[in-house]
Amino acid sequence: MRLDINSINEEPITREESIKASTWGLDTHEVEFTGEINLCCEFRKIDKEILVKVSVSSLRKIRCSRCLQFTTKDLTQDFYLSYDKSKLGQFLEVDDRIREEMLLEWPMKPLCKDDCKGICPGCGKNLNLEKCTCKK
Ligand SMILES: [Zn+2]
Ligand SMILES: [Zn+2]
């Protein structure tokens, strides 16, 4: 998302954009972004700064760290970015920083659900789907 900085004033303005997830190359071994990344950004000038309130939502196929199954989640992240106006040219380009934030906020051990039972170390069964007869 790119904005002419002269169009940003004290009065907040909102811009929305959908980006094809594959163009941002965010996929890792554990996470696959599917569909679109939806950005909603509110820009405003505060003194010598430009403050951007970002809300980004995306569908992600994640691999659960306990049971190793993939599940699809619709996740929304909200955060602020700020830019020093004197260091910008004519245009403000926010994509890079948003992409960074999305990577930083990703939990190290994602779960398909909070009470995921995981995989039995004895027989390898997915305990969410079936019971096993191993002794504890
Ligand atoms: Zn799981
Ligand atoms: Zn078992």
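All figures in this text were calculated on a predicted structure; none of them were measured in a lab.

(A) Geometry of the nonpolar core. If you look at the biggest cluster of nonpolar residues, it comprises 27 residues, and the most contacted ones within it are L39, F43, V52, L92 and I98. Looking at this core, the elements that each hand over two or more residues are strand 3 (31-46), strand 4 (49-63), strand 5 (70-84) and helix 1 (95-104). Counting residues per element, this core draws most heavily on strand 3, which supplies six residues. Sequence-distant contacts of L92, defined by excluding residues within four places in its chain, comprise M1, R2, L3, I5, I8, F43, I50, V52 and Y83.

(B) Summary view of the confidence of the model for the chain. Chain-level statistics for the chain give a pLDDT mean of 92 and a share of 99% at 70 or above. Taken element by element, the predicted model of the chain shows its lowest mean pLDDT in helix 1 (90) and its highest in strand 2 (residues 13-20) (96).

(C) Region of interest: the side chain of R60. Here R60 is to be found in strand 4. Of the residues examined, R60 reaches a relative accessible area of 1% and is grouped as buried. Side chain to side chain, R60 and Q77 meet in a polar contact 2.6 Å long. Residues contacting R60, with those up to four places away along its chain left out, are V31, E32, F33, T34, T71, T72, K73, L75, Q77, M102 and W106.

(D) Representation of the sheet that holds strand 5 in the model. Strands sit in the order 2-3-4-5 across an open sheet of four strands; the sheet is antiparallel. The open sheet has two edge strands with one neighbour each: strand 2 and strand 5. In this sheet, adjacent strand axes meet at a mean angle of 15 degrees when their direction is disregarded. In this fold helix 1 packs onto strand 2, strand 3, strand 4 and strand 5, with an angle of close to 130 degrees to the strand it touches most, strand 5.

(E) Here's a closer look at the coordination of the zinc ion (ligand 1). Binding of the zinc ion (ligand 1) to the protein goes through C64 (SG), C67 (SG), C112 (SG) and C116 (SG), at separations of 2.2 to 2.4 Å. Around the zinc ion (ligand 1) sit four donor atoms, and with donor-metal-donor angles ranging over 106 to 112 degrees the site reads as tetrahedral. The sequence pattern describing where the donors of the zinc ion (ligand 1) fall on their chain is C-x2-C-x44-C-x3-C. With a gap of 52 residues between them, C64 in the loop between strand 4 and strand 5 and C116 in the segment after helix 1 connect regions that are remote in the sequence. Exposure class is identical for C64 and C116. Each is buried.

Conventions we followed
- Residues numbered from 1 in each chain as written.
- Chains lettered and ligands numbered in written order.
- Predicted model: local features only at pLDDT ≥ 70, side-chain atom pairs only at ≥ 80, totals over all residues.
- Heavy atoms only, no water.
- Core = buried A, V, L, I, M, F, W, Y, C linked by side-chain atoms within 4.5 Å.
- Buried < 20%, exposed > 50% of the residue type's maximum accessible area, 1.4 Å probe, protein only.
- Helix = DSSP H or I, 4+ residues; strand = E, 2+ residues; numbered from the N terminus.
- Contact = heavy atoms within 4.5 Å.
- pLDDT = per-residue confidence, 0-100.
- Polar contact = N/O pair within 3.5 Å; in protein donor to acceptor, adjacent residues only side chain to side chain.
- Pairing = 2+ DSSP bridges.
- Axes fitted to C-alpha atoms, helices over the stretch in contact; angles between N-to-C directions.
- Donors = N, O, S within 2.8 Å, 3.2 Å for Na, K, Ca; no water.
- Tetrahedral: all angles 85-135°; square planar, octahedral: opposite > 155°, others 65-115°.

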